[in-house]
Amino acid sequence: MLIASPENIPIMWPRVMALVVAAALGAVAWADGELKCIQKPMFWLSGQQTRIVIETPDDCGEFELTYPEALELFDRWPHKAGDTTQRFYFRAREPLAAGEIGFKAGGY
């Protein structure tokens, strides 16, 4: 399972908290059979749309996601057998102080 969990959230502007997609998303070691985040936002402002792209082994299957209620998964690239990239489109519904996004499929 790949998890993003921000520890310190900077205040970017008064009254606006940003959710930092933790370095854990981008710092996942890449080796055969592992997940790799190839695109992620540094932070989310309330209402901002963003995309997360995960590179996967071709036998990974479709991800099950967990994410905070304050985020909305409004679209995802349709998964097909053999795909090695999965894309997820999120929008922050409200300012967030912290949160986690989990990606899980099969043995990954």
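**A word on the side chain of Thr56**
Right, so step 1: Of note, Thr56 is situated in the loop between β5 (49-55) and β6 (64-66).
Right, so step 2: When neighbours within four sequence positions are excluded, Thr56 is seen to be in contact with Leu35, Phe63, Asp83, Thr84, Thr85 and Gln86.

**Focus on the environment of Thr84**
Right, so step 1: Relative to the helices and strands, Thr84 resides in the loop between β7 (71-76) and β8 (85-92).
Right, so step 2: Note: C-alpha distance between Thr84 and Leu35 (49 residues apart in sequence) is 9.7 Å.
Right, so step 3: If we skip the residues at most four places from it in the chain, Thr84 touches Ile54, Glu55, Thr56, Pro57 and Asp58.

**Brief notes about the pairing of β8**
The two faces of the sheet receive side chains in turn, since in a regular strand these alternate between them.
Right, so step 1: Judged by how many residues are buried, β8 sits mostly within the fold: six of eight residues are covered.
Right, so step 2: Pairing of β5 with β8, which is carried by seven bridges, proceeds in the antiparallel orientation. The residue of β8 that forms the bridge with Thr50 is Phe90.
Right, so step 3: Here β7 pairs with β8 via five bridges, running antiparallel. Residue pairing in the sheet places Leu71 in a bridge with Ala92 of β8.

Calculation rules
- The numbers attached to residues start from 1 for each chain and follow its sequence in the written order.
- Whole-chain, interface and lining totals are the exception, using all residues; otherwise, since this is a predicted model, local features are given only for residues with pLDDT of at least 70 and side-chain atom pairs are given and counted only at 80 or more.
- Water and hydrogen atoms play no part in the side-chain values, which are based on all heavy atoms of the structure.
- What counts as a helix is a DSSP run of H or I of at least four residues, what counts as a strand is a run of E of at least two, and both are numbered from the N terminus.
- Every residue pair with non-hydrogen atoms within 4.5 Å of one another is taken to be in contact.
- The cut-offs for exposure are 20% and 50% of the maximum accessible area for each residue type, with area from a 1.4 Å probe on protein chains only; residues under the lower value are buried, those over the upper are exposed, and the others partly exposed.
- At least two DSSP bridges between two strands are needed for those strands to be called paired.

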